[in-house]
Amino acid sequence: MSLALLWFLFLLCTLAILYAGAKLSRYGDMISEKTGLGGVWIGVILLAFVTSLPELVTGVSSIVMYDLPNIATGQIFGSCVFNMLILALLDAFHKDPISSRVHHRHILSAGFAILLLSIVAVNLFISISYPDLNMSILWIGVYTPLILIIYVLSMRLIFFQEKRIMAAFVKEKVEELKYKKVSTRSVYINFTGNAFVVVIAAIFLPDLGKSIAEMTGLGQTFVGNVLIAFSTSLPEIVVSVAALKIGAADMAIGNLFGSNIFNIGILAIEDILYTKGPLLSYIDASHMFSILSSIIMITIAVIGLTYRARKKTLLLSWDSIAIVSIYILNLFALYAAR
């Protein structure tokens, strides 16, 4: 297969994920209305599932079908980095810094994302520095149960936080049904159909990524962290931009931080499915660039949310410029280490 054909097929899968991912977000909203599951926690879970479906399917297929641990983990870490780049670029849509327009409650989910990424960073460092040290329970890394416990705890705490905020500011809210003319049956059919498109496209991504990595010499780590991470993160872009258009900046920012938490949850699933041993013991050390970049970018975002600058002199505020700069440095580091 020629390199041109590989790039064409990769672009085709990317466009399929973009189109179907956008539709999934809309039909997910319809399901929330039709079932009455419009509460904060259910909404967060449904939105996280919809926008992270490409990462989940790509990660699982990379492990189960193709045995490509570097692509499986690379697209997870790269997606975390890319989500923070999206957050910074959303700043360009506002005259004022976006960090001053959203609620500081996002610091909770950002903190959990930093905690989970730090656990991954520490365990990857141990795997690299002390390869003979047994860091597994059966074939599963000792970090995986910890990640799953923290993930469940984070969802629980975020739920109670949102519940308190909603109780404080909303006594009664009656919403007109937006999709009452759309049949429930058609909603489920369309949701399933678009999910199927995303799944099929995401299944082919790892093998295409592997071939592109071999033919271009970019390496699986770079391709996973950059190219595949970009493709699988497209639903996050769609949801975030759509949320901004309706004035729901908090939904846009919350989705990005929430997706990073969900991504590390996917890493735990990948580790369980990878029966050769702890997944982090089978990946390149250069993944540490993206992990540390994610931690730094989220930390900068937390500082921005805390300081809450009132104005910006450029198109982007200082914290967004810093986040974009870290993203560019991460690209150079990954390329140099390929």
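The sections below set out a description of the structure shown in this document.

Thresholds applied
- Residues numbered from 1 in each chain as written.
- Predicted model: local features only at pLDDT ≥ 70, side-chain atom pairs only at ≥ 80, totals over all residues.
- Heavy atoms only, no water.
- Helix = DSSP H or I, 4+ residues; strand = E, 2+ residues; numbered from the N terminus.
- Contact = heavy atoms within 4.5 Å.
- Areas by Shrake-Rupley, 256 points an atom, 1.4 Å probe, with all protein chains shown as cover.
- Polar contact = N/O pair within 3.5 Å; in protein donor to acceptor, adjacent residues only side chain to side chain.
- Expected span 1.5 Å × (residues − 1).
- Buried < 20%, exposed > 50% of the residue type's maximum accessible area, 1.4 Å probe, protein only.

1. Some words on the overall build of the protein
In step 1: When you go through the protein residue by residue, the secondary structure sums to 11 helices and 2 strands.
In step 2: Mapped from its N terminus to its C terminus, the protein presents α and β elements in the order α-α-α-α-β-β-α-α-α-α-α-α-α.
In step 3: Here the contacts in the protein between residues at least 6 apart in sequence split such that 86% fall between residues at least 24 apart.
In step 4: Carbon and sulfur atoms make up 69% of the accessible area of the protein, which totals about 15800 Å².

2. A closer look at the side chain of serine 61
In step 1: Mapped onto the secondary structure, serine 61 falls in helix H2 (residues 40–64).
In step 2: Here valine 57 takes part through its backbone oxygen, which lies 2.9 Å from a polar atom of the side chain of serine 61.

3. Looking at the side chain of serine 154
In step 1: The residue serine 154 is located in helix H5 (residues 143–169) in this model.
In step 2: Only 2.6 Å separates the side chain of serine 154 from the backbone oxygen of tyrosine 151, close enough to count as a polar contact.
In step 3: Non-local contacts of serine 154, meaning those with residues more than four positions away in its chain, are made with Phe112 and Ile261.

4. Quick look at helix H10 (residues 287–307)
In step 1: Between its terminal C-alpha atoms H10 stretches 31 Å, which fits the 30 Å expected from 21 residues at 1.5 Å a residue.
In step 2: Once H10 finishes, arginine 308 follows within two positions and takes phi at roughly 55°, a positive value.

5. Thoughts on the environment of threonine 144
In step 1: With respect to the helices and strands, threonine 144 occurs in helix H5.
In step 2: By relative accessible area, which is 2% here, threonine 144 ends up buried.
In step 3: Residues within four places of threonine 144 in sequence aside, it is in contact with Ala268, Asp271 and Ile272.
In step 4: At 2.4 Å, the side chain of threonine 144 and the side chain of aspartate 271 are in polar contact.

Fair warning: the whole summary comes from geometry, so function is off the table for now.
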